[in-house]
Each structure stands twice: as C-alpha cells, then as structure tokens.
Amino acid sequence: MRLLFATLLMFATTAAGAAERRVALVMADDDYRLVRPLANPVNDGEAMEAALKTLGFEVVLETNRDLRRMRRALDDFREDAKGADVALVYFSGHGVEISGENRLLPVDADASSLDALAKTSLKLEEVRDAVAAIAKVGLVVLDACRSDPFSGTMSEGRGATSLAKDIADKVKPGLGRIGRAENILFAFSAAPGETAADGTGQNSPFTTALTKYLGTDGLEIRSVLTLVQQEVYDLSRGKQLPYVESGLPKLFFAAEAKERLPERERLLLAMADVTPEMRVEVEQIASDADVPLAPLYGALISADASHLSADSLNARLREAADAFVKVRGEMKMLASDDPKVTELRLQAEEQLSLGAFDGARAILAKAADIDNVSRNALKVNFVSRTLSEAATRFLSGGAARAELDYATAIGDYESVLALYGEAGQTPLSLEQADRQSRTLEELGVLYTTVGNVEAAGRAFAALLANLEQRSRQETAPSVKRDLAVSHIKLANIRMAQGDLPTSLENYEAARDILQNLTAGMPDKKVWLSDLATANDKIGNVLATQGVVGAAAKAYQQSLSIKQQLVDAEPNSAGLLRDLTITYDEIGDLARTAGQLDGAQTAFEESLRIRLALAENKPDDPERQRAVAVSQERIGDVMRERGDVAGALAAYSNSQAIAEELARRDPDHTDLKRDLSISHVKIGNALSDQKNWPAALNSYQQALAVTRDLAAGDPANSEWQRDLSVCLEKVAGVLDQQGDVSGALRHYQDSLAIADRLAKLDPANSDWQRDLSITLAEIGMMETKQRHFEGSRKAFEASLKIRQHLAKSDPNNAIWQFDLVQAYINYAYVAKDPKAVLTKALDLTVELDRTGRLAPRDKSTIRYLRDLLAKFDARKK
C-alpha cells in the first residue's frame, strides 16, 4: 500500500513521474432500487475523482450503475487503460460476502433470494482481474462495507447485517479477507466481517480520511493508508479500523519529503505500532472517561513508559484522561473579552482532541501573546489582560498535563503564578481565585510526581496560605474543604521530609475543619472519606512517634467513619478496600505494641474482606495481590508468636498467589517485585528455624529477581532499595554460616546503593536511615575480622546519621531507639565505652518512661544494665 501511493506521489511531484500513465475507474452507487439507499457514495466518488486528478490520474467516474453498466464500465476500463503503469479502481456503495465470496452491489441488486443476489451482484474477482490485466501495479479501494443494505430503515452503515433466515447464514456483513494478490493492493473501509459508517456529513469517514491523506508528500503508500486507518479508528473511537492487504512489489519508493509531517500525522503513524493489548487498555480508559482516543495515544507515545509497570502505566493513562477532561471543559467554557482570544482557545481544544498537543499549545501561545501585547503596549485594561493571559497559560499547562509532559506543565503553571503576581492585589472573581488555587495545587502535585519535594512543599504551603485567605473572604463550604485537603497535602510532604511535628499539626488542622463541616452536612460522603483519611494520617504520625494509645484512637475513629460509609454502600469495592487499609494500620500498630492477639484479629478481618472481593472478581490481579499482602501480615504476626510453621504456611499462601500472577503476566514488574518480597518473607521464617541453607536459597531467589529489576531501570529508587535489602539478607545468612568475608562483600555492595540513594536526596529520612543500618552491619563485619579501624569508621558514620535524625525529631520513637542501637554498636570501638553505653541506657529508660519503647525492645534496658555492671565489676 505504502509503495503504490509512494509511486503516486512520486508521479505527482517529479518530472520523471509525469511521463508515467496512471488511470482510475471510480464507481459510486447510492440510489438503490431494491435495497436500502445510501446518502454519501456519489459524493464520495466525486471527492475521489477530484483527489486522483490532482495526482495526475486519468479518471472515469461512473455513478448509480446497474450490473450491466458496471460490467461494461469495467470492460471499457480494461480496454482503454491497457498498458498503463498504475491502475486504480475505487467503489463506494454496498458490499457483502456471499458464501466466502466478496461482491459489490449495483443499484439493481436483488436480495429476494440468495440466487437472485448472486446473479445481480459483481464479483470482486472481476475487478481484480481487470486491474491485473491493465497494469503491473494495481490498487483496489472499497468503501463498500456499509451495514444492512437489506433493512427497510435508514441507518449509518454500508454492509449487510440483516437478511432473511434462509440466506442469512450464507451472507455475512461487510467483506471477507483477501488473500495476497500479486502486484495488487486492497484497501477496505472496515476490517473483514465488520461494517463501516456511511457518515453523518457529506462523505464517509473512510473516504474523508483517504482524500485528506492521499496526496501526503514523502510517504510510501502503506504509510499513507496507515494514516487513513488510524484517523478512522481514532474518530470512530475504536469502532472502525480499515483493512489493507498488499501484494505490491517492493521496488516503488516514496518521493523525498519536502518537510516534516505535521504532528497529527506523526501521531497516527505511531499509533499503528501500539500493541493490540495496549489498544484494548487505551480504548477502555477512553470509554470510561468519555474522551477521544488520540489524546491518550499521544500521552502514551510521548511519555517514557518503558520503565513503568502495567499498573503504573494504567494509572498514568487515567491521569492523562482526567487532565484532558479538565482542560477540555475549561477550553469550552472559558471566555475572553477579546473574541480573537476566545476563538484561538476553541481552536486549541480541537487540536487537543486530535492529540496534537504541540499544535494546541502553539495556538494558546498566540492567544497569550495577544493579551501580552495589549497589556504592555496599550496599557489598556492591564489587569484584565494579565488575568486573561494567565487563564490561557493555565490552559496550556493543562494541555501539557494531558500529554504527561510534566516539565512543560510546570513551566506553564509557574508563568500563571507570575502573571497573578503582576496583577497585584486586585480583587479576583471567584473563577479567577479558583484558578489561582488550582494552579498552586497542580504545581504541588507535579513537583511531587517528579520528585522535587522541596518545591512541592513550597507550592502546597502557598496553596494553604491562599485558601486560608479565601476561607476568610468566602463562605462556600467547598473552600473550607479545599483548605482541609491542602493541609493534608502539605502534611504529606512534611512527613516525607521527616518533620513529624509539623505534619501532625497540619493533619490535625484538616481533621478539625472536616469534623466541623461533616457535622453540619453528614451526607457529604466524600468529605467523610477525607475525614477518615485525616485520622489515618494522624495515626501514622503518632505511631511513628511511639504514642501508641493516641494512634490507636485515631485509627479507630477512621475505622468508624469507613464502616459507616460501607454500611451505606455495602457493595462498594472502593469503600471496602479503604476499610481494609485501616484494619491493616490497626494491626501494624498492635503488633508494634506487642499486642499480637489484636494484631492478628485486625489482619484476619482485613483478609476476610479481601477474600470476598477477590472471589467476586477472581480475574482482578489487584484484588489477588491484596489477599497476598494480608497473608504476609498474618505470617509476620505468627513469626513474632514463635509459630514459625504457621508463618511459613501463611507466607507460602502469599507466594502461591504471587507466582500465579507473575506467571500470567511475566513482564509485570510490580508482580515480579511481589514475588521477590515473598521469597524474603519465607527466608525470614527459615532463618528463625536456623535452616540456613534453605533461608539462603530463598534470599538468593529474591536477590535474582531484584537484580533483574534494578538492572532494567537503574533510576528506579524503590527497586534499587529492594536490591540493597536482598543483598543484606544474603549477607546475614553468610555471616551465620561463618563466611564473614562473603557477608562483608554483600554488605559493601548494599552500601554502594544506600550511599548513592542518600546522596541523591539528603532530605529523604528513610534513605538516610537505610544508610545508617548498612554502615552498622559493615562495622560488625569489620569487627569480626578485627579490622578495628574500618569498624570504627563505619560505626561513627552510622552514629552521626542517627544522631542527626534523632535530633531532627525527638518525638520519633523509632529514630530514638535507632540511636540507642548506634550507641551500643559504637561502644565496641569507643575510647570510653561505658560513657557511650550510659547514654544508650538513659535514652532507653526515657523512652520507656514516656511509653514510647516497644514491648519487644524492653529487654534492652536489662541488657545495658548488665553490660554496665560488668564494667563496674572490672574496676573493682
């Protein structure tokens, strides 16, 4: 296909091609006498005639011919065009497949019986034979799959779908597949056995696309028809995909392109390479969000999705769909005092719907320039023009957001804020104030997405200040709800930065606002869900700080709200899933506090709900994964109870799910990661049994998976961290087996990863803590090998990190006890080990006094006192 049109283009654009003879027979029937007439075929034929003539074809147009005159036209074409270099036949009208044979229907086609229909229709073989007899290169183009020519009513299509029972099994809708034909290319308006739309305008979608792209310079024929295929597929939202079968020789090439293809055409060509599985996913997301296909394909193709798991990619595409819906609505509704600006915004919306993101932003840039020139040159209506430009830049940011182009979106949104700054303290309309708030929110989300936590914090802090001011001026409850959510968003950032006190203040502020709002409007389910989230977050902070009682109270408040929501909608999978999350949090807290019965009860309730959800939708991998997580948590509790056999059974149940999911989707990276975690869990239980060979085998299986993941995407910090953990698990077993040097090598490999991550983001407290743990392990290995200088350096480096973390948040019980362990380790190499151990004891006693020492760690007090007593005894 590509080759023939390439030839046509070459003929049309080069002097050498002008000497070649190109001929075409165009037949179009719509005034049917005995079957349903059509609206557009003659229009389609005339459009094709014009398009072909511009390419230098000699064209014969035949319209509304009966079978006798169609055959005569074909015979005349064969005789008159004989010896031409390129021959093309185009037919527009009804077409059917009868007993495996494709036929075109003339205007006198008779469907009263199978025999009558066969006698009054034209075999496609006759067309193929004529084309083959005329030229060495032939093209047969059929816009003839239009649906239901035999019904008595007008509908949209061009193929057979409804017939008398005695012949219905012999006649199939549309046209059948064509076997490869030497030197001929076939192009059908729909896939074999499918029907095509006649169109609601003057032409059918297929012919509209064909005449649009037929003269595209610089493309082979197959590329031209790829444009046609994808255009029809896109505009029909996946309902119609033209079919092409090429038997053309490979010696025809396209003329050189005069310029780069437009953005829309580049996208259509790229869409053709998307896998069928991904097409199904894109079509489903587009259907769910009621958006065109092209913008989602544009986002898919332009985004770097190679490192994303299937779930992450699905989430990104849904993010793109949501962003498109928002910006499309804004483009349609947002008016300007300048009609030129309004018109340009509408043009940008059209480009966006076609997936032409660059084109949309270019048009919006023109609109913004109009306001910019006016406000700076004329100084007329400076504020209104400034805010109008800000609105246009906001739309441009939305367009970039829909393409998943985060960097461009950030730049556009930052320019919006700058323009609001230039507008000064002028009073804003509600729409303008809302746009300013949404810009700050979008920036916070985007900076979080790209990993710039500091910038995200600044954006959310500015959003909070903005909404605090608005809440004092506006009475709408929705503004106060937005204020509460902004507190949560900012607190999430502060939590990631390790600032627990500030994050707690923000979460509690959000809770207080939402409690007041929901007290007056208890039917606001979304706001109740927000309130539950705030309580969950408060519980998380308090649990980290070791304030177990207050954390448990916060979780219970969340659980009560979520249960209330589930009681109102007992079949809501989303609400039930949220409920399991809080049960897990309650279980984790109880486990930390040594309340293993309470922990197991909570985890089993979470498992019960997840099993029911999985049973209702057994093919949903996410529901199966949730069951596996619950099994792992129950296994963790059993390990702490000392029930290693029970733990192994639970872990094995989890691993069986992980293995099955990974088998179904071997390229799914999240499922691979789940499998590595299950190997680690089983390795932990086997280590409890001191079954070192079996434990080592499990850890090494986990290590193999994490090495593969980490090598596939070195920039994925989570996978790099997993690799570091697995290296240390293997090292721990090697140490137990007496291979200290082997253990040290694995710890050093882990250190290289932990050090790189810590330097990558010094504000990430989790990564800093990981580094301190690895350094402590290396210190222990160096000590065992009596490399005291190496152990001293490692223990000092670990201690320094833990002192910094503990000082940054005295209320973080985990970090405080980490410091206790660092003191104990450092005592091995300290000049005054007693003084160091005394610090460790004092800190442990204080944690116990304030109720922040976990039950499993209480034995540390006795251990330290015994050590110090030994020092005193030596002195005596």
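Model, not experiment: these values are computed from the prediction.

**Student:** How should I be thinking about the packing of aromatic side chains in this particular structure?
**Tutor:** Aromatic rings in a pair are described by how distant their centres are and how their planes are angled relative to each other. Scanning all chains against the criterion turns up four aromatic pairs. Geometrically, the ring pair formed by Phe 188 and Tyr 243 is tilted, given 5.4 Å between the ring centres and 55 degrees between the ring planes. Remark: Tyr 243 occurs in strand E10 (residues 243-246) and Phe 188 occurs in strand E9 (residues 184-188); sequence separation between them is 55 residues. Its relative accessible area of 8% is what places Tyr 243 among the buried residues. Across from the ring centre of Phe 57, 6.0 Å away, lies the NZ or CZ of Arg 22, which sits over that ring. Above the face of the Trp 527 ring, Lys 524 is positioned so that its terminal group lies 5.1 Å from the ring centre.

**Student:** Whenever I open this one, unusual backbone geometry confuses me. Can you help?
**Tutor:** Most peptide bonds are trans, and most residues other than glycine sit at a negative phi. We note that Asn 64 has phi near 50 degrees; this positive angle belongs to a residue other than glycine. Along the chain, Asn 64 falls in the loop between strand E2 (58-63) and helix H3 (67-80). Residue Lys 690 is not a glycine yet carries a positive backbone phi of 60 degrees. As for its placement among the helices and strands, Lys 690 is situated in the loop between helix H27 (669-688) and helix H28 (692-712).

**Student:** I keep staring at the nonpolar core and nothing clicks. Help me out?
**Tutor:** Within soluble globular proteins, side chains that are nonpolar generally end up buried alongside one another. Core analysis: the biggest nonpolar cluster contains 129 residues, and Leu 52 and Tyr 297 have the highest contact counts within it. Sequence-distant contacts of Leu 52, defined by excluding residues within four places in its chain, comprise Ala 24, Val 26, Phe 57, Val 59, Leu 88 and Leu 214. By size, the runner-up hydrophobic cluster in this structure holds 46 residues, among which are Phe 603, Ala 628, Tyr 651 and Met 781.

**Student:** What is the right way to look at the packing of helix H22 (residues 548-568) against helix H23 (residues 573-592) in this model?
**Tutor:** Helix-helix packing: each pair is described by the crossing angle between the helix axes and the interaxial distance. H23 packs onto H22 with a crossing angle of 160 degrees between their chain directions and a minimal axis gap of 9 Å. In terms of orientation, H22 lies roughly antiparallel with respect to H23. Crossing of H22 over H23 shows left-handed handedness. In contact with Val 548, Ala 551, Ala 552, Tyr 555, Gln 556, Ser 558, Leu 559, Lys 562, Gln 563, Leu 565 and Val 566 of H22, H23 contributes Leu 575, Leu 576, Asp 578, Leu 579, Thr 582, Tyr 583, Glu 585, Ile 586 and Leu 589.

**Student:** In this structure, what is going on with a negative patch on the surface? I would like to understand it.
**Tutor:** A contiguous patch of negative charge on the surface is contributed by Asp 75, Asp 76, Glu 79 and Asp 80. Structurally, Asp 80 can be placed in helix H3. Judged by its relative accessible area of 55%, Asp 80 falls in the exposed class.

**Student:** Sorry if this is basic, but what is going on with the pairing of strand E7 (residues 137-143) here?
**Tutor:** Walk down a regular strand and you will see the side chains alternate between the two sheet faces. Most of E7 is tucked away: seven of the seven residues are buried. A two-sided burial pattern is seen for E7, the buried positions comprising Val 137, Leu 139, Val 141 and Asp 143 on one face and Gly 138, Val 140 and Leu 142 on the other. By the bridge criterion, seven bridges tie strand E3 (residues 86-92) to E7 in an arrangement that is parallel. Its bridge partner being in E7, Val 89 is matched across the sheet by Val 140. For E7 and E9, the ladder comprises five bridges, and the chain directions are parallel. Each bridged residue has a counterpart across the sheet, and for Val 141 the counterpart in E9 is Ala 187.

What counts as what
- Residues numbered from 1 in each chain as written.
- Predicted model: local features only at pLDDT ≥ 70, side-chain atom pairs only at ≥ 80, totals over all residues.
- Heavy atoms only, no water.
- Phe/Tyr/Trp six-rings, centres within 6.5 Å; stacked < 30°, edge-to-face > 60°.
- Helix = DSSP H or I, 4+ residues; strand = E, 2+ residues; numbered from the N terminus.
- Buried < 20%, exposed > 50% of the residue type's maximum accessible area, 1.4 Å probe, protein only.
- Lys NZ or Arg CZ within 6 Å of the ring centre and 35° of its normal.
- Core = buried A, V, L, I, M, F, W, Y, C linked by side-chain atoms within 4.5 Å.
- Contact = heavy atoms within 4.5 Å.
- Axes fitted to C-alpha atoms, helices over the stretch in contact; angles between N-to-C directions.
- Parallel < 35°, antiparallel > 145°, perpendicular 65-115°, else oblique.
- Left-handed = near helix turned anticlockwise from the far one by under 90°.
- Patch = residues over 30% accessible without salt bridge, like charges linked within 9 Å, V, L, I, M, F, W, Y side chains within 5 Å.
- Areas by Shrake-Rupley, 256 points an atom, 1.4 Å probe, with all protein chains shown as cover.
- Salt bridge = Lys/Arg side-chain N within 4 Å of Asp/Glu carboxyl O.
- Lys, Arg positive; Asp, Glu negative; His and termini not counted.
- Charge placed at Lys NZ, Arg CZ, Asp CG, Glu CD.
- Pairing = 2+ DSSP bridges.

Interpretation in functional terms is not warranted from these geometric data alone.
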